[in-house]
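Listed below, chain by chain, are the residues.
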Amino acid sequence: MENYRDFNAKTIDSWNSEGWEWGQAISHEVFSAAQKGDWSIVLTPQTSVPMNWYFPFVDETGHFRKGTKVLGLASGGGQQMPIFVAAGADCTILDLSDSQLASEKFVAERENYEIKIIKADMTQPLPFENESFDIIVHPVSNCYIENVQPVWQEAFRILKKRGAIAFWFR
């Protein structure tokens, strides 16, 4: 019998092959606007999160302060992390889906930037040192797992003191 993690990854990959909105990478125009400090991110179909939610990590020009480290936790798809990179953050993406990670790689290659891409299960110990990230972006993904406690424990461990986590539930 297939475990739920493998089932989830295959399901997401299948949805992406059918054009799922959360696997569609941002456009070059959206990336360029973010480079100019004009951005927001979308974590649910109904909610756009403006850059001022990320103060004090973002300055008045809409750019991340030098050295700001952001983790996209189970948030592959080429949507949030490319915007954060364009706005000056140092980003890492962790996801279990090959197609979600492929979207991240596609945008990084198209826009010529570096991003750390890690294929891993968010319910297992995360491959990061304590207090590694200033911000964790965690869109709707907890509904796909059996137990959220390990995710929150690891997020707490890897988030810097005075860090921020943006998460959404369905």
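Structure: above.
A quick note: this is a predicted structure, and the numbers were derived from the prediction, not measured. (Residues numbered from 1 in each chain as written. Predicted model: local features only at pLDDT ≥ 70, side-chain atom pairs only at ≥ 80, totals over all residues. Heavy atoms only, no water.)

A. Structural context of the side chain of Asp-121. By the secondary structure assignment, Asp-121 is in the loop between strand 5 (116–119) and strand 6 (133–138). Overall, Asp-121 belongs to the buried group, its relative accessible area being 13%. At 2.8 Å, the side chain of Asp-121 and the side chain of Thr-123 are in polar contact. Residues in contact with Asp-121, not counting those within four places in the same chain, are Arg-5, Leu-96 and Leu-126. (Helix = DSSP H or I, 4+ residues; strand = E, 2+ residues; numbered from the N terminus. Buried < 20%, exposed > 50% of the residue type's maximum accessible area, 1.4 Å probe, protein only. Polar contact = N/O pair within 3.5 Å; in protein donor to acceptor, adjacent residues only side chain to side chain. Contact = heavy atoms within 4.5 Å.)

B. Region of the structure containing the pattern of salt bridges. For the structure on display, the rule yields eight salt bridges. Lys-160 is the partner of Asp-134 in a salt bridge, and the nearest nitrogen-oxygen pair spans 3.5 Å. Placement of the pair is Asp-134 in strand 6 and Lys-160 in strand 7 (residues 159–167), with a sequence separation of 26 residues. Look at Asp-134 and you get buried, because its relative accessible area is 12%. For Lys-160, a relative accessible area of 25% gives the class partly exposed. Across the salt bridge formed by Arg-157 and Glu-154, the nearest N and O atoms sit 2.7 Å from each other. Taken together, the residues span about one helical turn, with Arg-157 and Glu-154 both in helix 5 (residues 149–158) at a distance of three residues. One salt-bridge network, held together by shared partners, links Lys-69, Asp-90 and Lys-116. (Salt bridge = Lys/Arg side-chain N within 4 Å of Asp/Glu carboxyl O.)

C. Structural detail: the pairing of strand 5. Pairing analysis gives four bridges linking strand 4 (residues 90–95) to strand 5, with the strands arranged parallel. Residue Ile-93 lies in a different strand from strand 5, and its bridge partner there is Ile-117. (Pairing = 2+ DSSP bridges.)

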